[in-house]
Amino acid sequence: MTDLSLIETRLTAALDRIREGSRTLAERPAAPDTSDAEARIAELTAKLDEEQTANAQLVERVKLLKERQDGKLAELESNVEAGRTRSARMDRELQRLRQVNAELRDINTQLREAVSAGVSEAHLVNKAMLAELEALRATQSADAAEMDAILDELKPIIEQEARDATG
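None of these values were measured; they are calculated from a predicted model.

### Quick notes on the confidence of the model for the chain
So, step 1. Per-residue confidence for the chain averages 85 on the pLDDT scale, and 95% of its residues sit at or above 70.
So, step 2. Element-level mean pLDDT values for the chain span from 80 in helix α1 (residues 2-27) up to 88 in helix α2 (residues 34-116).

### Some remarks on the packing of α2 against helix α3 (residues 122-166)
So, step 1. At a closest axis distance of 8 Å, the pairing of α2 and α3 adopts a crossing angle of 160°. Of the possible angle classes, the one that applies to α2 and α3 is roughly antiparallel. α2 and α3 meet at a crossing whose hand is left-handed.
So, step 2. Residue classes in the contact of α2 with α3 are distributed as 18 nonpolar, five polar and twelve charged.

### Side note on the nonpolar core
So, step 1. Counting residues in hydrophobic clusters, the biggest one holds twelve residues: Leu97, Val100, Leu104, Ile107, Leu111, Ala114, Leu124, Ala128, Ala131, Ala135, Ala138 and Ala142.
So, step 2. Excluding anything up to four places from it in sequence, Ala128 contacts Leu104, Ile107, Asn108 and Leu111.

### Considering the environment of Ile41
So, step 1. Tracing the chain through its elements places Ile41 in helix α2.
So, step 2. Along the backbone, Ile41 and Asp16 are 25 residues apart, and their C-alpha atoms lie at a distance of 42 Å.

### Things to note about the pattern of salt bridges
So, step 1. On inspection of all chains with the given rule, the structure shows eleven salt bridges.
So, step 2. The partner of Asp16 in a salt bridge is Arg19, with the nearest N and O atoms 2.9 Å apart. Of the two residues, Asp16 and Arg19 are both situated in helix α1; the distance of three residues between them amounts to about one turn of the helix.
So, step 3. A salt bridge links Arg137 to Glu134; the shortest N-O distance between them is 3.8 Å. Of this pair, Arg137 and Glu134 both sit in helix α3, three residues apart, roughly one helical turn.
So, step 4. Relative accessible area serves as the criterion here: at 25%, Glu134 is assigned to the partly exposed category.
So, step 5. Look at the salt bridges and you will find they share partners, linking Glu93, Arg96, Glu134 and Arg137 into a network.

Calculation notes
- Residue positions are counted from 1 within each chain, in the order its sequence is given.
- Local features in this predicted model are restricted to residues whose pLDDT is 70 or higher, and side-chain atom pairs enter the listing and the counts only when it is 80 or higher, whereas totals over whole chains, interfaces and linings include all residues.
- For side-chain calculations, the full set of non-hydrogen atoms in the structure is used, while hydrogens and water are omitted.
- As a per-residue measure, pLDDT reflects the predictor's confidence and takes values from 0 up to 100.
- A helix here means a DSSP run of H or I that spans at least four residues, while a strand means a run of E at least two residues long, and both kinds are numbered starting from the N terminus.
- Angles run from 0 to 180 degrees between N-to-C directions of axes, and those axes are lines fitted to C-alpha atoms, restricted for helices to the stretch in contact.
- An angle below 35 degrees is read as roughly parallel, one above 145 as roughly antiparallel, one from 65 to 115 as roughly perpendicular, and any other as oblique.
- In this scheme, a crossing is called left-handed if the near helix is turned counterclockwise away from the far one by less than a right angle; it is called right-handed if the turn is clockwise.
- Put simply, Ala, Val, Leu, Ile, Met, Phe, Trp, Tyr, Cys and Pro go in the nonpolar bin, Asp, Glu, Lys and Arg in the charged bin, and everything else, Gly too, in the polar bin.
- Working definition of a nonpolar core: buried Ala, Val, Leu, Ile, Met, Phe, Trp, Tyr and Cys residues. They are joined through side-chain atoms within 4.5 Å.
- For every residue, the accessible area (1.4 Å probe, protein chains only) is compared with the maximum for its type, and the residue is labelled buried under 20%, exposed over 50%, or partly exposed between those bounds.
- For this analysis, residues touch if any pair of their heavy atoms sits within 4.5 Å.
- In what follows, salt bridge is the name for a side-chain nitrogen of Lys or Arg lying within 4 Å of a carboxyl oxygen of Asp or Glu.

Laid out in C-alpha cells, this is it:
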C-alpha cells in the first residue's frame, strides 16, 4: 500500500503542477495572430512599393523638366547674345552714319562759304562728293544691319509657320 499512497501523492503533485501551469497560461496574454501581422506587413510593403514607384516617376519627371528648362535657358541665352551682337552692329553703323553726315555737313558748309566768296575750290567739291558717297555707303550699311536684324527676328517665326503647315 505504500506504493499506492506514493503513486497517489505523485499523481496529486502532478495534477497540482498541471493546474498551476494552466493558470499561468490563462493569465498570459494570448499570442498575436501571425496571419493578421503577416497580412499587415504585406499591405504595408505593397504601399511602400507604390510610394517608391511614384517617387521614381516624380524624380524622372523632374529630371525631364530640368533638361527641358536647361535647353530653353540655353536657347534664350543664345538669342540674347545674338540680339546683343545685332544691336552692337547696328550701333556701330549708326555711329558711322552720324560721323559721316557730320563731316558732310562740315564740307558742305565750307563749300557754301567758298561759293559765297566767289572762290571755286575743286578740292572742296571733291571732298563733298566723297563725303556724300561715304554717307550713302554708311546709310546702306545701316539699312543692311537693320534688315539683317529684322530677318533674324522673322526667321524663327517663318520656320515655325512652315512646321505648323506641314505638321
